Each structure stands twice: as C-alpha cells, then as structure tokens.
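Here is what each chain is made of, one letter per residue.
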Amino acid sequence: MLKYLIKRILWMVPILIGISLISFFIMHLAPGDITSNEAAFNPETSEESRQKLRELYNLDKPVIVQYGLWLKRMVKLDFGHSFKSHQKPVFLGTTDKDGNYTKGLIEQALPITLMINLLGLAITLLLAIPLGVLSARKYQQWQDKSITLFNFIGFSIPGFWLSLLLMYWLGVVNDWLPISGLHNLNYEHLDTWGKIKDTASHLVLPVLIPSITGLASITLFVKNGMLDVLHQDYITTARAKGLTEHKVVYTHALRNALLPLITIIGLSIPGLIGGSVISETIFAIDGMGKLFFDAVTSRDFPVVMGILTIGSALTLLGNLIADIAYAWADPRVRRGVARG
Amino acid sequence: MTTLSLLNTPSIKKTLPLIGLLLASLLLTACSNPQNEAVDYSQQFPVADGGTMVDAMIGEPTGLIFMVSGDSASSAITAKIFNSLLTYNGDLDLKGELAENWSISQDQKTITFTLKKNLKWADGKPLTSHDVLFTWQLITNEATRSPYASDFQLVKKAEAPTPLTFTVTYAQAYAPALDSWASLQILPEHLLKGQDIHTTVFARKPIGSHHYQLDDWQQGEHIKLSRNPLAVLGPAHIEHLVTRIIPDKSAQFLELMAGHIDSMGLDPIKYSRVIPARPALKKKLNLYKELGNSYTYLGFNLKRKPFDDVRVRKAINYAIDKQEIIDGVYLGLGINIASPYKPGTRWSNPTLTPYAYNPEKARSLLKEAGFSDSDGDGVLELNGKPFAFEIVTNQNKEREKSAVIIQRRLKEIGIEVRIRAIEWASFISRFINTGDFDVVILGWGLGLDPDQYNIWHSSQQAPGQFNFVGYHNPKVDELLEKGRTEMNPDRRMAIYHDFAKELLEDSPIVYLSAGYGLTAIHKRIQGVADPVPAAGVGYDSHRWYIPQRYRQNQISEH
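Residues numbered from 1 in each chain as written. Chains lettered and ligands numbered in written order. Predicted model: local features only at pLDDT ≥ 70, side-chain atom pairs only at ≥ 80, totals over all residues. Heavy atoms only, no water.

S.K.: I'd like to hear about the overall build of chain B, residue by residue, with values.
M.R.: For chain B, the count of helices and strands is 18 helices and 20 strands. For chain B, the spread of C-alpha atoms along the principal axes amounts to about 80 × 80 × 50 Å. In chain B, which comprises 558 residues, the share counted as buried stands at 55%. (Helix = DSSP H or I, 4+ residues; strand = E, 2+ residues; numbered from the N terminus. Buried < 20%, exposed > 50% of the residue type's maximum accessible area, 1.4 Å probe, protein only.)

The following block contains the structure:
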C-alpha cells in the first residue's frame, strides 16, 4: 500500500510538468498579451510604453524561453506576481520591508470559492441521497416520478436566470435576503453573531442555486446504485431472514449503493476549487472563477498559470484521495491494490 | 440518520407538493411589481453635510496611482482623490485646479503655472510646486511604465523656481500640453520619494488632495472614501462615498431597485423602457441624459481595394441610414455627428452636416467607380470580382447590432457583408495591429482637446499606432501639425474646423452615432445640476448632498 502511494505521488511530478507545458503553450496561442487591454486603444498611450512593458515581462522572448523562466521560478514554488493587479503575488501574500502585507490573489479567492462549493456539495448530498433512495424504493411510482420531474426542472433551468429571479423576488420585492456581495457595508461594525448572520444570509442564494441545479445527476446516481443493489441476492437474503425494511434499506443496501459516490466526489474536486464565473459575476463574489476568467481576458499569464498549476495539483491529489477512500470503503478494491 | 429518516413516506408526501407550490408561487410573485415605498422623495431640503452615497462599478481598480494603472475603474476612484494642475469647467473650458492661473511665454514654448496659496495634502503637509515637479519626473522616468508618458516626454525642461511656481518648456510650441496637465494627477513627493512606483503600498493606501480620501478598500467588495476636510477646492457635502464592485449590470440594477445603491449608469432599455414602466421606480429615481464621451464609427482599411477609392467610401456612407441605427440600437438615445468632436463645443464645426441616407446616390457613385451587376445575382462586381467584405468588431452588443443593420442596407445596394465579432485582446492583436481587416466597427473618444494627430496623421501607421485605417492626406497632415503648435484658441478652432471638413469630405470612416450617457440617481441625493452641464452629471458631485431625512441606515458615521 505504501509503495503504491509513493509511486502515485512520484508520478504526479511529470504529470504536472506535462500539464503546465501544454497549458503554457495553449495560453500563448491566443493572440494578444497584457498590453492589449482597454488602454491599448487610448490615443494618449504610446506603443513605446507597451513595448517597454513587454520587455519587462519577457513577453518579447520565444514562448519556450518564457516557459523555462516560469519553470525555474516554479521549482522554488515562486508563483510570481500578477502583471495586471499592480504586482500582487499570485498565490500567497507577501510582507514588504515596512510590514505592509499584500494578500495573494489565489489566497484571497480560494477560501471563498471553497466555502461556497463545499457548502453547496454538502447540501446537494444531503438532499440527493434521501431523494435517490426514495426514488429507488418507489421506483416508477408517483414519488419517483415527481422527484425525477423536480430534479430535471432544476437541471434544465439556467442557473443565472433562476439566480436573477430569486434575487428579484427575495431581495427587491421582499426585503428578505441581500442581493449581491458577501458582506453588508457595515459588516465591520457588527458583533460576532451579527457577522455570522450577515455572511450566512449573503450565502443563501449563491450556495442554494448551484445545489438545486446540481441535484439531478447525484440523485440519479444514488437511485441507480440503489436499484442495482436492491436486486442483489444478499438483499433478498436479508429480507428472507426477516429484517425490517428499514434495516434492509439503510444498513445493507445504502452502504453499497453509495460506493460510486466516492468517485463522483473525487471527480468534482476541480469544480470545487474552480468556481463558477457566471454565478460569481452575478452575485458579485470575488472567487476563483472570476479571477481565472479576468486573468484570461486580460492575458495575465502568471495568474492563469498559477491557477492552472494549483488546480491540477489539487485535482491529482483529490483523485488520489478518492482512490484511497475507495480502497478504505471497499475491501475488494483494497485486495486489488495490494496485489498490484 | 436524522436526514435519512426524512424519507419516511409520510413526511415526504407532505413536502413534495409544498415544494411545488413554493416554486409556483415564486414564479408568480417574481413577475409582480415591487411594493411602493412609503418615503416621499419629492421634497427639497436645504444643503446639509453628511450621509453616505453608494454606487457600483463593474471592475475593480488595479491600483490607485493612475499614471501606472491606467484602467477606467482606477480613474473613476483616483479622480476623487487627486487633483491636477488644471481641470475643465462645466462648459468644458480649461480652468485652474491646483493652479491659480497659467501663462504662456512669447515664443509659445514655456508655460508657467502659479499654484494656489496654502494648498495642503490630506495628511496636512503642504502641497507645493515641488510635488508637481516630482510627479513630472516620476512619469517621465525610464523605470516608470506609464502608458501616458509620451505627452510629458516632450517637455525639455521643468522647474519649480518657487514653491508656488512651476514652469515647463517644450522644444517647440505644443498646444495639447494644457490638456495633458489637466489629466496628470499630482502625487505627494514626501510619501513617494525613493519608492518603487510599481510596488509601493501607496497604490492601495493613497493620500491625495481632492474632495475625498480612501478610507477602506475591501478587495472584491467595496471601496469606501471619506470627505477630506483639507480639500484644496473646499470640502464636499456628502461624508462617505462607497463604490461597490458588482460585475454584473443586472445585479447592479436589482440593487438600485432595492435602494441599496444610489446611482448607476443605464443602458437605453433600462432608461427608456424599464424605469418609465415602473411607477415605484420613477418615484424614487431621477434620470439624467448627457452627450457621451465617445462615438461609434465604421472604419475602412484604406490600404485595401476598393476602399482606397473615395467614391466607394462615400457610397457606403450614403447607403447607411444612421438614424435607423440610433433608433434601433440606442432606442433613439444618441445623435448623428459630422466631426469627431462633441457637438456644441468650440471644436465642433457647426457648418458640417452628416451624410444623409441616400441609396440612389450610393448606387450612382458605385457605378462611377466601375461597379456593376454583370451576372444579375444582385451583387455588384468590379472586373469580375464580387463586392464582398467582412466587418470585424469586438464583442460589444451595440456594435454587433449596428453591423447587422449596416449589412442589410449594403445588401440593398448590392454589397455582400459578413460580420465577425471577436474578443477584445484577440481583436487588437490579430486584426488591428496587423492591419488584416476590411472594415471595422469601433469607437473613438470625443476628446476635450482637439488634437487627433495620433489617429489621423499619416506618420502614425506602424503596428500598435492608432492610424490603423491607413489614412493619408497631406492637407490633413499639415492641419494636424499646425494645430499642435497653435496656442491661440480661436486660430486653433479654425484649424480644426477645416480638419473636420476635410475628414468628412474624404470619408475614411463613417460616423455612425454618438450615444448618450444615461444615469439614474436616487432622489435622496439632492443638488444635482439639472440640466446636465456639458461636462457631465458627475462634474460637480461635491455639491451634491443628502438631506438628514433621507439618510438610510447604511454606514454608522464616526
């Protein structure tokens, strides 16, 4: 098992380098650089100043040289500074000689996105598992049909449209929830309880809407897993020996039906840290999705590469953890790994 | 297990219809009107200091030193924090800001600014001509990466002989100089000396001299400004200005409807359809309309055939119905222009009239240029080649819609048009800088200074320069050179009237429209100049005030 783990972790290094190389070249395939921004079309600006900027950031050198320079910094885990945001560090914050702390861009955005997405995932699972189980037990009956209908309505409604509608209904027509942002303007004057309440009310819509629209696929997974399991021999055996229906379903069937969920959660890790441009834009949340989108449109290469590298490292790590969790949960897998 | 026991059928049987009901009621109520607010905002109150005004912007400033950040979000904030030597008054004429007055030497090469007495930075330190000299040295420094340096590099010698005098000498008379000194925000020497302008923390914690000073900047959330009691132009009335960062315009509008923000720029649909249709909104919002600062045009690649032929350019100009674009795209909220200057200002030549919509004239001009539909397929040909081209524009809804309207009108006279909309950075690098386009739809600013040397002079055609349409007209070149060295405003005006006339006659671009700037401001903000002065609605925002009765529970004031 340990040998397997070490092997997997060592393999991650060449994979990461490969990913970064491909990302770097694809990024440079798009025309334009940091100087092709809105100021590029202001007649008061000059081409000389743009050229000066290109030279400073080595953008005038061949792509392969630029990649080498980037890799050299990465070896020291130096993610560099943003071209656009006034030399802000890409990943972690830095403190200058006068003790002024400048927060890193990813350091700022990642916790927000992670919090929203983890909460969303928890709510999705909390709803999807019971709904999926019920669907399987009442297969083809009205309960199953209405759950499926509800799920697919949620799945088909465009998230941004539902968001705007709910923002209007809950924030404008009724003054029940804040419309956008993460904090109230007088947040800093609130007491601790007030701060928690304020943040929670700001989070309701950004968390709930993706969980509703994401409900369908997980419910379906649980339902199908459950349907498979419910027809297995050991369930028939359990029923035959006179166990209560409750015990059959929740103790014997559900555990096995939930195994594929581990894979699904493992696969959802890139989404957890990636964030969503559309929802973050609508709700004015300064998260990873918008950071990445803005970095791409302004050709802020260090930020783009920083997010891709951290994202892929976390994804590989997530896959590894999912595999280990699978082995932990399923003895069959464990034996397979030990043999291999 | 607690969640799982939820499944037991009785409870779910009750909840499911409930969820359905909830969803249905949600959809229904969402379409109804918001409740009327109880507060009556129609009363006028006397001027009072205090209160908080909240607005929103779609992007976050990259930093608060404008000479190096250079984006419009930064300038919106720094314009409230820093002063320049000069500024424009309500009628868009230059007046002193930090400068009491200025004089131009006999040989027209030296400008002497006399500063107002007793100027102070917000931290109480005196603001003198040495700060101005320092700012000039900073922007022209080799190590400073300012996109706006070129105007200031023309200064041969800058001096601060006394704390109240600042003189600049140019190698030759440079008329746009005054405008450039109205745009350079003066920075404090005592806080920035010896710092690296690109990494200094000053960009996030600036100290200026204008009406407001930075209080608090929450990354990605809001920027809070507070009144500067030492403001060199006298203190403003409103105590706090908060700018929230809300990237989505629809979300901004919802915040405006809910009364959480006090002002925002509108698009024509919200201005002329959405708000007028809602009495509750009309009751609490004032709408303002001003001539915008830019115009949209259709620009030809003059280096490509057949656009090198003035008859072809004129024909296309006659074939496009500009009023139709203004009505269709801007819902009538724009005007037709005939020169690249704000109508009504001194630089705009009042004798010029835009090309009228005249398809017959267009057809005859094309015929003159040798085009005819020889194979009868409805498309004109020249030497057997059909007249077809591509309009490229960036992803901007208004420009895309204009392109579609133009496409239809040109088809009527036998020209086939394809449209391509491209993301901005790709558009600039792939099409504009390489000169690889037939026709573009883009916009230029209606500059306050008439000098447009960078856009129209034939020497400005290298990649990355702004005469990318490739315009070359010796007469225009001469006028632009003359206009740059003529300091007398009246003689300068005559030069630019001639320039605009020549430009209209030559038709290197088709002026499509100049859209209005549309703003909604909550009625609790009083003292807003109406009618809006030429300089725009926000021009005298330091005179705005919020009566005590209309101050909401926004930010507790300390």
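S.K.: Describe in detail the environment of Val303 of chain A, supporting the description with residues and values.
M.R.: All names here are of chain A. By secondary structure assignment, the location of Val303 is in helix α15 (residues 301-329). Given a relative accessible area of 2%, Val303 falls into the buried group. With 176 residues separating them in the primary sequence, Val303 and Leu127 have C-alpha atoms 36 Å apart. Setting aside residues no more than four positions away along its own chain, Val303 makes contact with Ser82, Val90, Leu105, Leu291 and Ala295. (Contact = heavy atoms within 4.5 Å.)

S.K.: Now, about the sheet that holds strand β6 (residues 155-162) of chain B: what can you tell me, with residues and values included?
M.R.: All names here are of chain B. If you trace the 4 strands from one edge of the open sheet to the other, you get β4-β5-β7-β6, paired in antiparallel fashion. Both outer strands of the open sheet, β4 (99-104) and β6, are each paired with one neighbouring strand and no more. Averaged over all pairs of adjacent strands, the angle between strand axes in this sheet comes to 15°, irrespective of strand direction. For strand β5 (residues 110-115) and strand β7 (residues 165-170), the ladder comprises 5 bridges, and the chain directions are antiparallel. Paired with Thr110 across the bridge in β7 is Thr169. Taken strand by strand, helix α4 (residues 129-140) contacts β5, β6 and β7, and its axis lies near 160° from that of β6. (Pairing = 2+ DSSP bridges. Axes fitted to C-alpha atoms, helices over the stretch in contact; angles between N-to-C directions.)

S.K.: Go over the nonpolar core with me, naming the residues and quoting the values.
M.R.: All names here are of chain B. One finds Leu298, Ile316 and Trp456 to be the most contacted residues of the largest nonpolar core, which totals 72 residues. No other element matches helix α18 (residues 489-506), which puts 6 residues into this core. With residues near it in sequence (within four places) discarded, Leu298 still touches Ile316, Ile320, Ile391, Ile406, Val439, Val440, Ile441, Pro508, Ile509, Val510 and Leu512. Within the second largest apolar cluster, 71 residues are counted, among which are Met53, Leu98, Val155 and Ile223. (Core = buried A, V, L, I, M, F, W, Y, C linked by side-chain atoms within 4.5 Å.)

S.K.: Explain empty space enclosed by the protein to me, using residue names and the numbers behind them.
M.R.: Per the stated rule, a full pass over the model turns up 4 cavities of 30 Å³ or more. The space that makes up the largest cavity amounts to roughly 70 Å³. Lining the largest cavity are Gly181, Leu182, His183, Leu185 and Ala284 of chain A together with Gly220, Glu221, His222, Arg244 and Ile245 of chain B. Residue classes in the lining of the largest cavity are distributed as 4 nonpolar, 4 polar and 2 charged. (1 Å grid on protein atoms, 1.4 Å probe; cavity = no way out; pocket = protein on both sides within 12 Å on 5 of 7 lines; lining within 4 Å. Points joined across faces, edges and corners; volume = space filled by probe spheres on them. Nonpolar A, V, L, I, M, F, W, Y, C, P; charged D, E, K, R; others polar.)

S.K.: Tell me what's going on with the interface of chain A and chain B, and back it up with residues and numbers.
M.R.: Counting residues at the interface gives 71 residues for chain A, matched by 84 residues for chain B. In total, chain A and chain B occlude about 6,500 Å² of area from one another, counting both sides; carbon and sulfur atoms represent 64% of this. In this assembly, chain A and chain B are joined by 1 salt bridge. Across the salt bridge formed by Glu423 of chain B and Arg299 of chain A, the nearest N and O atoms sit 3.0 Å from each other. Remark: the boundary between chain A and chain B carries 7 residue pairs in polar contact (both at pLDDT 80 or more). Breaking the side of chain A that touches chain B down by element, the ones donating at least two residues are α2 (47-56), α4 (105-137), α5 (142-156), α6 (159-173), α10 (245-257), α13 (277-282) and α14 (288-297) of chain A. (Buried area = accessible area lost by both parts, 1.4 Å probe. Salt bridge = Lys/Arg side-chain N within 4 Å of Asp/Glu carboxyl O. Polar contact = N/O pair within 3.5 Å; in protein donor to acceptor, adjacent residues only side chain to side chain.)

S.K.: Tell me what's going on with the packing of aromatic side chains, and back it up with residues and numbers.
M.R.: All names here are of chain B. Considering all chains together, one arrives at 32 aromatic pairs over all chains under this definition. Look at Phe66 and Tyr148: their rings are 5.2 Å apart centre to centre, the planes differ by 20°, and that puts the pair in the stacked class. With Phe66 in helix α2 (residues 66-69) and Tyr148 in the loop between α4 and α5 (150-153), the pair connects residues that are 82 residues apart, well separated along the chain. When sorted by exposure, Phe66 lands in the same class as Tyr148, which is buried. Grouping aromatic residues by their ring pairs yields a cluster made of Tyr295, Tyr297, Phe437, Trp444, Phe466, Phe468 and Tyr511. (Phe/Tyr/Trp six-rings, centres within 6.5 Å; stacked < 30°, edge-to-face > 60°.)

S.K.: Tell me about the domain arrangement of chain B, and please be specific about residues and values.
M.R.: Residue and element names in this part refer to chain B. Parsing chain B into structural domains produces domain 1 (46-80 + 210-291 + 523-551), domain 2 (86-191) and domain 3 (294-515). If you average the C-alpha positions of domain 2 and of domain 3, the two centres end up 36 Å apart. Of the residues lining the interface, 12 residues belong to domain 2; the matching set on domain 3 comes to 12 residues. Taken together, the connections running from domain 2 to domain 3 amount to 2 residue pairs in polar contact (both at pLDDT 80 or more). (Domains from an automatic or database assignment.)

S.K.: Account for the packing of α4 of chain A against α5 of chain A, naming residues and giving values.
M.R.: Residues and elements named next belong to chain A. Viewed as axis vectors pointing N to C, α4 and α5 meet at an angle of 140°, and their least axial separation amounts to 7 Å. It follows from the interaxial angle that α4 and α5 lie oblique. In the packing of α4 onto α5, the handedness of the crossing is left-handed. For the pair formed by α4 and α5, the contact residues are Leu131, Leu134 and Ser135 on the first element and Gln143, Asp144 and Ile147 on the second. Of the residues that constitute the contact of α4 with α5, the class distribution is 3 nonpolar, 2 polar and 1 charged. (Parallel < 35°, antiparallel > 145°, perpendicular 65-115°, else oblique. Left-handed = near helix turned anticlockwise from the far one by under 90°.)

S.K.: Lay out the pairing of strand β18 (residues 416-422) of chain B in plain terms, naming residues and giving numbers.
M.R.: Residue and element names in this part refer to chain B. By the bridge criterion, 7 bridges tie strand β17 (residues 388-394) to β18 in an arrangement that is parallel. What sits directly across from Glu390, in β18, is Arg418. Taking the sense of rotation as the criterion, the β-α-β connection linking β17, helix α14 (residues 397-412) and β18 turns out right-handed. (Right-handed = clockwise from strand over helix to strand, strands pointing away.)

S.K.: Can you explain the environment of Ile419 of chain B? Please cite residues and give values.
M.R.: Residue and element names in this part refer to chain B. With respect to the helices and strands, Ile419 occurs in strand β18. Sequence separation between Ile419 and Ile391 is 28 residues; the distance between their C-alpha atoms is 4.9 Å. Not counting residues up to four positions away in its chain, the partners in contact with Ile419 are Ile391, Ala403, Val404 and Gln407.

S.K.: Any details on the pattern of salt bridges? Residues and values, ideally.
M.R.: Residues and elements named next belong to chain B. Overall, the coordinates contain 31 salt bridges over all chains when judged by the stated rule. With its nearest N and O atoms 3.4 Å apart, the salt bridge here joins Glu390 to Arg420. Linking Glu390 in strand β17 with Arg420 in strand β18, this pair joins segments that are 30 residues apart in sequence. Its salt-bridge partner being Arg492, residue Asp449 comes within 3.1 Å of it at the nearest N-O pair. In this pair, Asp449 sits in the loop between β19 (439-445) and α16 (453-456) while Arg492 sits in helix α18, placing the two residues 43 residues apart along the sequence. Asp449 sits in the buried class, given a relative accessible area of 11%.

S.K.: Break down helix α13 (residues 359-368) of chain B for me, citing the residues and quoting the values.
M.R.: All names here are of chain B. Inspection of α13 places Ala362, Leu365 and Leu366 among the buried residues, and these make up the whole buried set. Seen from one end, α13 has its buried residues packed into an arc of 100°, which puts them on one side. Facing away from the buried surface of α13 by more than 90 degrees, the exposed residues are Glu360, Lys367 and Glu368. Those residues of α13 that are buried lie in contact with α11 (310-319). The positive-phi residue at the C-terminal boundary of α13 is Gly370, with phi of around 105°. (Arc of directions from axis to C-beta.)

S.K.: Kindly report on the domain arrangement of chain A, identifying the contributing residues and their values.
M.R.: Residues and elements named next belong to chain A. Domain boundaries in chain A define domain 1 (2-102) and domain 2 (110-339). On a C-alpha basis, the centroid separation for the pair domain 1 and domain 2 is 32 Å. Contact with domain 1, which involves 29 residues of that partner, is made by 22 residues of domain 2. When domain 1 packs against domain 2, close to 2,200 Å² is buried across both sides, 78% of that on carbon and sulfur atoms. Area buried by domain 1 at its contact with domain 2 is led by Arg8, Met12 and Met27, which between them contribute 23% of it. As a salt-bridge pair, Asp323 and Arg8 come within 2.7 Å of each other at their nearest N and O atoms. The tally of links from domain 1 across to domain 2 stands at 2 residue pairs in polar contact (both at pLDDT 80 or more). Those elements giving two or more residues to the side of domain 1 that touches domain 2 turn out to be α1 (2-29) and α3 (63-75). Broken down by element, the residue count for the side of domain 1 that touches domain 2 peaks at 13 residues, all from α1.

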